[in-house]
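One-letter residues, chain by chain:
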Amino acid sequence: MMRLVPLLLLCGLAMTSNAQTNCNLLHDSNDNGFVDIEDFLSILGLFGDQDSDGDGVYDSLDNCTDPESCNFMIPSAPLCTFPDAIGDCQGNCPLDANGDGVCDVFSCGSPFNFQGYDYATVYIGEQCWFAENLQSESYANGDPIPSGLSASEWANIYSGAVAVYGEEPEWCGDYSLTCDPVESLEQYGRLYNGFAVQDSRGLCPSGWHVPTDQEWMTMEMALGMSASEVTNYGGRGTDQGSQMKMDYGWADEGNGTNSSGFSGSPGGLRQYSGYFEEVGITGNWWSSSGYSPMYRRLWNSLETVDRTFA
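Residues numbered from 1 in each chain as written. Predicted model: local features only at pLDDT ≥ 70, side-chain atom pairs only at ≥ 80, totals over all residues. Heavy atoms only, no water.

1. Examining the overall build of the chain
Regarding its fold elements, the chain presents seven helices and 15 strands. Expressed as a percentage of its 310 residues, the buried residues of the chain come to 46%. Excluding contacts between residues fewer than 6 apart, the proportion of contacts in the chain whose partners are at least 24 apart in sequence is 54%. Here the chain has roughly 14,000 Å² of accessible surface; of this, 52% comes from carbon and sulfur atoms. (Helix = DSSP H or I, 4+ residues; strand = E, 2+ residues; numbered from the N terminus. Buried < 20%, exposed > 50% of the residue type's maximum accessible area, 1.4 Å probe, protein only. Contact = heavy atoms within 4.5 Å. Areas by Shrake-Rupley, 256 points an atom, 1.4 Å probe, with all protein chains shown as cover.)

Take a look at the structure:
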């Protein structure tokens, strides 16, 4: 059985590798110390590397580093190319949220509209993240996700389901800061069970996906977590949790700095029994990794990040 947590989504367009190799002798493509016939043929483009944009990096190793381009961080891309007037990238449509066949022109850090809601986004560790929890009541293809379930219905469902904290006030925890579902939806988004996360219809817009465990690690290391800690379970890191937490809304003055822009909010969870708890105390976010999916947890009382299984 899988527990329920708020879900934050990761953009799957950004590549994490940006290694480049500097040219040595510009015309000595075979590195033998001489400009010979092999280099001449290389210069003619019959084979071998060139440096067509003159940036000191061979074309086969070059990357475009403009996140608004069509070929952001794609190897063998000496020149950045950009969407045309309708957002098309030479036949490649990296983002088409409404499925109309016209590409969406999007720059990470700008709002992204999905199913009628504009989500804030943030660029962390060469990855683009939603900076708000998902609010959707349907899968990406438009099929509705079962919602409004009673505690007993929730406890006995073995397929995707979604809830809003406080839908059944009598099932709210004693330490709940709110049991108002309208307020909860606005502040924390919706709670998705693990079956919904693993459903093939998907929860994310076209071009986006639920983050993998490795992608969470990439973000955590970008925020300063050491390589020796990043694969541990339980509390990890130093102040990465504080960097990810909002600077308001956490119980007992447990606010973070939100210096990362992640904007983590304490949305709590809904247990197998249907019981709501921990709003104000914890924020919990799914990954897509593992048979019983892994997730990340932030606590009001800690500055670190939990990594654990559902």
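2. Description of helix α3 (residues 181-188)
At the N-terminal boundary of α3, the capping side chain belongs to Asp180, with an oxygen 3.0 Å from the backbone nitrogen of Val182. Positive phi appears at Gly189, one or two residues downstream of α3, with a value of about 75°. (Polar contact = N/O pair within 3.5 Å; in protein donor to acceptor, adjacent residues only side chain to side chain.)

3. Some thoughts on the pairing of strand β6 (residues 127-130)
Neither face of β6 is exposed, since Gln127 and Trp129 on one face and Cys128 and Phe130 on the opposite face are all buried. Bridging between strand β5 (residues 121-124) and β6 involves four bridges; their strand directions are antiparallel. Each residue of the ladder has a partner; that of Thr121, found in β6, is Phe130. (Pairing = 2+ DSSP bridges.)

4. Observations regarding the sheet that holds strand β10 (residues 234-236)
Pairing is antiparallel across the open sheet formed by four strands, whose spatial order is β10-β15-β14-β13. Looking at strand neighbours, the two that pair on one side only are β10 and β13 (282-286), the edges of this open sheet. Neighbouring strand axes in the sheet, compared pairwise and without regard to direction, differ in orientation by 30° on average. When β10 meets strand β15 (residues 305-309), the two strands line up antiparallel, connected through three bridges. Bridge pairing links Gly234 to Arg307 in β15. Packed on one face of the sheet, helix α5 (residues 213-222) meets β10, β13, β14 (294-299) and β15 and runs near 35° to β14. (Axes fitted to C-alpha atoms, helices over the stretch in contact; angles between N-to-C directions.)

5. A few points about the packing of aromatic side chains
Per the stated rule, a full pass over the model turns up 13 aromatic pairs. Arranged with centres 5.2 Å apart and planes meeting at 50°, the rings of Tyr165 and Phe276 form a pair that is tilted. In this pair, Tyr165 is assigned in the loop between β7 (162-163) and α3 and Phe276 in strand β12 (residues 276-279), connecting sequence segments 111 residues apart. Owing to a relative accessible area of 0%, Phe276 belongs among the buried residues under this scheme. Cluster of aromatic residues (ring-pair linked, three or more members): Phe112, Tyr117, Tyr119, Phe130 and Trp208. (Phe/Tyr/Trp six-rings, centres within 6.5 Å; stacked < 30°, edge-to-face > 60°.)

6. Digging into the pattern of salt bridges
Using the criterion set out here, one finds eight salt bridges in the structure. Residue Glu220 pairs with Arg236 through a salt bridge whose shortest N-O separation is 2.5 Å. One end of the pair, Glu220, is in helix α5; the other, Arg236, is in strand β10, with 16 residues separating them in the sequence. Classification of Glu220 as buried rests on a relative accessible area of 0%. (Salt bridge = Lys/Arg side-chain N within 4 Å of Asp/Glu carboxyl O.)

7. Let's talk about the state of the cysteines
In the structure shown here, the tally under the stated rule is one disulfide. Covalent S-S linkage joins Cys108 and Cys128, the inter-sulfur distance amounting to 2.1 Å. Because the torsion about its S-S bond is 95°, the bridge between Cys108 and Cys128 counts as right-handed. Residue Cys108 is found in the loop between α1 (37-43) and β3 (112-114), and its partner Cys128 is found in strand β6; the two are separated by 20 residues along the sequence. (Disulfide = S-S within 2.5 Å.)

8. Structural notes on α5
Most of α5 is tucked away: seven of the 10 residues are buried. Here α5 has its buried residues at Asp213, Glu215, Trp216, Met217, Thr218, Met219 and Glu220.

9. With respect to the confidence of the model for the chain
Interpretation of the predicted coordinates at a detailed level should be avoided for regions scoring low in pLDDT. Mean pLDDT over the chain stands at 79; residues scoring 70 or higher make up 65%. The secondary structure element of the chain with the lowest average pLDDT is strand β2 (residues 10-11), at 40, and the one with the highest is helix α7 (residues 240-244), at 98. (pLDDT = per-residue confidence, 0-100.)

10. What to know about the pairing of strand β11 (residues 267-270)
Side-chain positions along a regular strand alternate between the two faces of the sheet. The pairing of β11 with β12 spans three bridges and is classified as antiparallel. The partner of Leu269 across the bridge, within β12, is Glu277.

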